[in-house]
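# Notes for the structure review
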There are 2 protein chains.
Amino acid sequence: MNRGLLIVLSGPSGVGKGTVCAALRRKMPELIYSVSATTRAPRAGEVDGVNYFFKTKEQFLDMIARDALLEHAEYVGNYYGTPREFVEKTLSEGKDIILEIEVQGALKVKEKFPEGVFVFLLPPSLGELESRIVGRGTESKDKIDHRLSVAVEEMNLLNKYDYAVFNDEIDLACGRIQAIITAEHCKRERIQHELFDELKSLTAANNGSER
Amino acid sequence: MNRGLLIVLSGPSGVGKGTVCAALRRKMPELIYSVSATTRAPRAGEVDGVNYFFKTKEQFLDMIARDALLEHAEYVGNYYGTPREFVEKTLSEGKDIILEIEVQGALKVKEKFPEGVFVFLLPPSLGELESRIVGRGTESKDKIDHRLSVAVEEMNLLNKYDYAVFNDEIDLACGRIQAIITAEHCKRERIQHELFDELKSLTAANNGSER
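Rules and cut-offs
Residues numbered from 1 in each chain as written. Chains lettered and ligands numbered in written order. Predicted model: local features only at pLDDT ≥ 70, side-chain atom pairs only at ≥ 80, totals over all residues. Heavy atoms only, no water. UniProt positions renumbered as here; feature names shortened; annotations may be inferred. Helix = DSSP H or I, 4+ residues; strand = E, 2+ residues; numbered from the N terminus. Rg over C-alpha atoms; globule rule 2.2 N^0.38 Å. Buried < 20%, exposed > 50% of the residue type's maximum accessible area, 1.4 Å probe, protein only. Contact = heavy atoms within 4.5 Å. Lys, Arg positive; Asp, Glu negative; His and termini not counted. Charge placed at Lys NZ, Arg CZ, Asp CG, Glu CD. Salt bridge = Lys/Arg side-chain N within 4 Å of Asp/Glu carboxyl O. Polar contact = N/O pair within 3.5 Å; in protein donor to acceptor, adjacent residues only side chain to side chain. Nonpolar A, V, L, I, M, F, W, Y, C, P; charged D, E, K, R; others polar. Least-squares fit on C-alpha atoms with pLDDT ≥ 70 in both. Pairing = 2+ DSSP bridges. Axes fitted to C-alpha atoms, helices over the stretch in contact; angles between N-to-C directions. Parallel < 35°, antiparallel > 145°, perpendicular 65-115°, else oblique. Left-handed = near helix turned anticlockwise from the far one by under 90°.

Chain A is annotated in an unreviewed UniProt entry as Guanylate kinase of Cohnella thailandensis. Comment text from UniProt for chain A, heading Sequence similarities (unreviewed entry), reads "Belongs to the guanylate kinase family." Looking at the Function (unreviewed entry) heading of the UniProt record, one finds this comment for chain A: "Essential for recycling GMP and indirectly, cGMP."

## Notes on the overall build of chain A
Helix and strand counts for chain A come out as 8 helices and 9 strands. Rg of the C-alpha trace for chain A: 21 Å, well past the compact-globule value of 17 Å for 211 residues, more than 25% over. For the C-alpha atoms alone, the extent of chain A along its principal axes is close to 85 × 45 × 30 Å. Burial status across chain A gives 43% buried among its 211 residues. Counting contacts in chain A only where the partners sit at least 6 residues apart, residues at least 24 apart contribute 66% of the total. Placing the 28 positive and 33 negative side-chain charges of chain A at their respective mean positions leaves the two points 2 Å apart.

## Considerations on the UniProt feature "binding site: ATP" (unreviewed entry) in chain A
All names here are of chain A. UniProt's feature table lists "binding site: ATP" (unreviewed entry) at G11, P12, S13, G14, V15, G16, K17 and G18, given in the numbering used throughout. Within the secondary structure layout, S13 lies in the loop between β1 (6–10) and α1 (17–27). The class of S13 is exposed, set by a relative accessible area of 70%. Tracing the chain through its elements places G18 in helix α1.

## Considering the pattern of salt bridges
Pairing of side chains with opposite charge becomes possible as their charged atoms draw close. All names here are of chain B. Evaluation of the coordinates by the stated rule reveals 23 salt bridges over all chains. Ionic pairing is found between K112 and D67, a salt bridge with its closest N-O pair at 3.0 Å. Taken together, the residues K112 in helix α4 (residues 103–112) and D67 in the loop between α2 (57–65) and β5 (69–75) connect sequence positions 45 residues apart. Overall, the relative accessible area of 33% leaves K112 in the partly exposed class. A salt bridge links D145 to K141; its shortest N-O distance comes to 3.0 Å. Residue D145 and its partner K141 are located together in helix α6 (residues 141–157), separated by 4 residues, close to a single helical turn.

## Comments concerning the interface of chain A and chain B
Counting residues at the interface gives 42 residues for chain A, matched by 42 residues for chain B. Where chain A meets chain B, there are 0 salt bridges. Taken together, chain A and chain B are joined by 12 residue pairs in polar contact (both at pLDDT 80 or more). When contributions to the side of chain A that touches chain B are tallied by element, the ones reaching two or more residues are α5 (126–134), α6 (141–157), β9 (163–166), α7 (170–185) and α8 (188–208) of chain A. Top element by residues in the side of chain A that touches chain B is α8(A). It accounts for 12 residues. Counted by class, the side of chain A that touches chain B contains 25 nonpolar, 7 polar and 10 charged residues.

## Some points on the relation of the copies chain A and chain B
Each copy superposes on the other: chain A lies on chain B with an RMSD of 0.1 Å after a rotation of 180° and an axial shift of 0.0 Å. With respect to symmetry, the two chain copies, as superposed, fit the operation of a two-fold axis. Of the C-alpha atoms belonging to chain A, the one lying closest to the rotation axis is found on A179(A), 2.1 Å away. Here 100% of the interface residues in chain A have copies in chain B that are interface residues too; the copies meet face to matching face.

## A look at the environment of A65(B)
If you trace the backbone, A65(B) turns up in helix α2. Distance from A65(B) to I144(B), taken between C-alpha atoms, is 44 Å for residues 79 residues apart in sequence.

## Section: the sheet that holds strand β4 (residues 53–54) of chain B
Residues and elements named next belong to chain B. Strand order in the open sheet made by the 4 strands is β4-β3-β6-β5, with mixed pairing throughout. The sheet terminates laterally at β4 and β5, the two strands that pair on one side only. In the sheet, β5 pairs with strand β6 (residues 78–83) via 5 bridges, with the strands oriented antiparallel. Residue pairing for β6: E74 is matched across the bridge by Y79.

## What to know about the packing of α6(A) against helix α8 (residues 188–208) of chain B
Across the interface, α6(A) lies against α8(B) with an axial gap of 11 Å and an inter-helix angle of 165°. In terms of orientation, α6(A) lies roughly antiparallel with respect to α8(B). For the pair α6(A) and α8(B), the sense of crossing is left-handed. Only Q192(B), L195(B), F196(B), L199(B), L202(B), T203(B), N206(B) and N207(B) of α8(B) make contact with α6(A), whose side of the interface consists of K141(A), I144(A), D145(A), L148(A), A151(A), V152(A), M155(A) and N156(A).

## Brief notes about the packing of α7(A) against helix α7 (residues 170–185) of chain B
Between α7(A) and α7(B), the shortest axis-to-axis distance is 8 Å and the interhelical angle comes to 110°. Taken together, the axis directions place α7(A) and α7(B) in an arrangement best described as roughly perpendicular. Here α7(A) and α7(B) pass one another in a crossing that is left-handed. Contact residues: R176(A), A179(A), I180(A), T182(A) and A183(A) in α7(A); R176(B), A179(B), I180(B), T182(B) and A183(B) in α7(B). Here the contact of α7(A) with α7(B) is composed, by residue class, of 6 nonpolar, 2 polar and 2 charged.

Now the structure itself:
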């Protein structure tokens, strides 16, 4: 059996990763969601193992020490991280798993899972990008220069990704990510792997029948 | 503007390339179909430039001499080939074009267009593959051995392809090919190219406003 795919959805903050990921999970109930570990206290209604794996600080530091996290970060005094075991278990069961994560975390995951499918979510359009940079035409040259250099830096981060998806409409962005997942399942290397396994077992069976 | 994609649909004979390609064109009217050149006479209802580009033998040999064909072959006394100019023109207009072709022709196209998207159409399933090889269990070991080696050879051809698609149901096979086309348009390199062009023109405009 082929392993599942690890799909990593990332992109600049404010681009709508969470909204797109939630919509995608509604459309693809078979897609497993990578649940993060955190040391922050559960909020009302949050369920351990569904929203987060809730950990004490000691447990979390122990996970770091055991290399049990694909990535982790500290944010306003709490730790957040991606448990490696849940991802590994899901993939080895042949199921796809999606991880929604900010850009720095995604790059750390890439170091440990270079075979993942890395998707960068972009603002709605080039026009939107332009108006974010140029503003209403009343901005100073220096301000625009600064925004241009930030945009160029963000685009350089793109280098580590396999795909880039414009988030123009949630449904369209979801459709593109679904297409990417389908296409990745049709990659020749994956299918060839299945076919060779099949041919090998047929050959073995045929040689066995000789005795 | 980004160039269009050249999609090459191929696979073993009898697998249903023509049927899947026709269904795909109905679903994707924006997808341009690569029209072949031939020296065979038009049949009733066939239109030059739609079904084929009809050529005399002299014209066809001249196209070969001018390297105006991406590939060509002779079949029961007539020549068939893929005119390069139509493909080039379509791609440079930013439109996608599909070429349905047998395996040897596809490999020749790959030499001239390595950047094409090469899709190999497979029989309905591994089970189908198995029953094609093993038959009803009453076949001789030698016969099965021969079929196994043919299957292994066909699978080796797969090495040159980017994707493999099972033709279990026409709609499903079409859906996978559509997904592949969508995903290829989301490839990071393509989008990054668009974004850099945009950023370059914004930078130029911003520097221009300084004067």
